[in-house]
Amino acid sequence: QVQLVESGGGLVQPGGSLRLSCAASGGFFSFNVMGWYRQAPGKERELVAQIISNGASTYTDSVKGRFHISRDNTNNTLYLQMSVLKPEDTAVYYCNADVSKLPYGPSYTCWGQGTQVTVSS
């Protein structure tokens, strides 16, 4: 069974940094596109960043130059390095992955439970 477990959230002052981690587990699964989403109070969930297995990534405009997504394929861990944090970055951050059951299974989407990031002075 595929599981995604986020960690690294917390309270940080504006201008500070946090590093989020997402541990993806599940033998006999291939993790394809992985990404981070966030949902602020009273707002819809939005895509923050995505990364494919070879390291190519995309970002939403509001975080470009401040956030960096990466992945360690040796232990199936996804990261989001967040710098120059702003109050508007406050949200629950969710790990997402498109996975395929090996060897030839179809792709489907998995979600983590989320980790809270609060940016406040």
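Data block above holds the structure.
We now turn to the structure provided with this report.

Conventions used here
Residues numbered from 1 in each chain as written. Predicted model: local features only at pLDDT ≥ 70, side-chain atom pairs only at ≥ 80, totals over all residues. Heavy atoms only, no water. Pairing = 2+ DSSP bridges. Helix = DSSP H or I, 4+ residues; strand = E, 2+ residues; numbered from the N terminus. Phe/Tyr/Trp six-rings, centres within 6.5 Å; stacked < 30°, edge-to-face > 60°. Lys NZ or Arg CZ within 6 Å of the ring centre and 35° of its normal. Salt bridge = Lys/Arg side-chain N within 4 Å of Asp/Glu carboxyl O. Buried < 20%, exposed > 50% of the residue type's maximum accessible area, 1.4 Å probe, protein only. Axes fitted to C-alpha atoms, helices over the stretch in contact; angles between N-to-C directions.

The next point concerns the pairing of strand E10 (residues 107-111). Bridging between strand E9 (residues 91-101) and E10 involves five bridges; their strand directions are antiparallel. Paired with Val99 across the strands is Tyr108, a residue of E10. Taking the residues between adjacent antiparallel strands as the criterion, E9 and E10 are bridged by five residues.

Overall, the coordinates contain two aromatic pairs when judged by the stated rule. Ring geometry for Phe29 and Tyr108: centres 6.2 Å apart, planes at 80°, overall edge-to-face. Placement of the pair is Phe29 in strand E4 (residues 29-39) and Tyr108 in strand E10, with a sequence separation of 79 residues. The cationic tip of Arg45 hangs over the ring face of Tyr94; the distance from NZ or CZ to the ring centre is 3.7 Å.

Right, let's get into the pattern of salt bridges. In this structure the tally under the stated criterion is four salt bridges. A salt bridge links Lys64 to Asp61; the shortest N-O distance between them is 3.0 Å. Owing to a relative accessible area of 48%, Lys64 belongs among the partly exposed residues under this scheme. Between Arg66 and Asp89 there is a salt bridge, and its shortest N-O distance comes to 2.8 Å. Highlighted residues: Arg66 in the loop between strand E6 (57-59) and strand E7 (67-72) and Asp89 in the loop between strand E8 (77-82) and E9, separated in sequence by 23 residues. Overall, Arg66 belongs to the buried group, its relative accessible area being 10%. One network of salt bridges, in which partners are shared, links Arg38, Glu46, Arg66 and Asp89.

Turning next to the sheet that holds E8. Where strands meet in a sheet, backbone hydrogen bonds hold them as pairs that are either parallel or antiparallel. Pairing is antiparallel in the open sheet, where four strands are placed in the order E1-E3-E8-E7. Two strands in the sheet have a free side with no partner beyond their single neighbour: strand E1 (3-7) and E7. Looking at each pair of strands side by side, their axes are set apart by 15° on average, direction ignored. Where E7 and E8 come together, six bridges link them in antiparallel fashion. Note on E8: the bridge partner recorded for Ile69 is Leu80.

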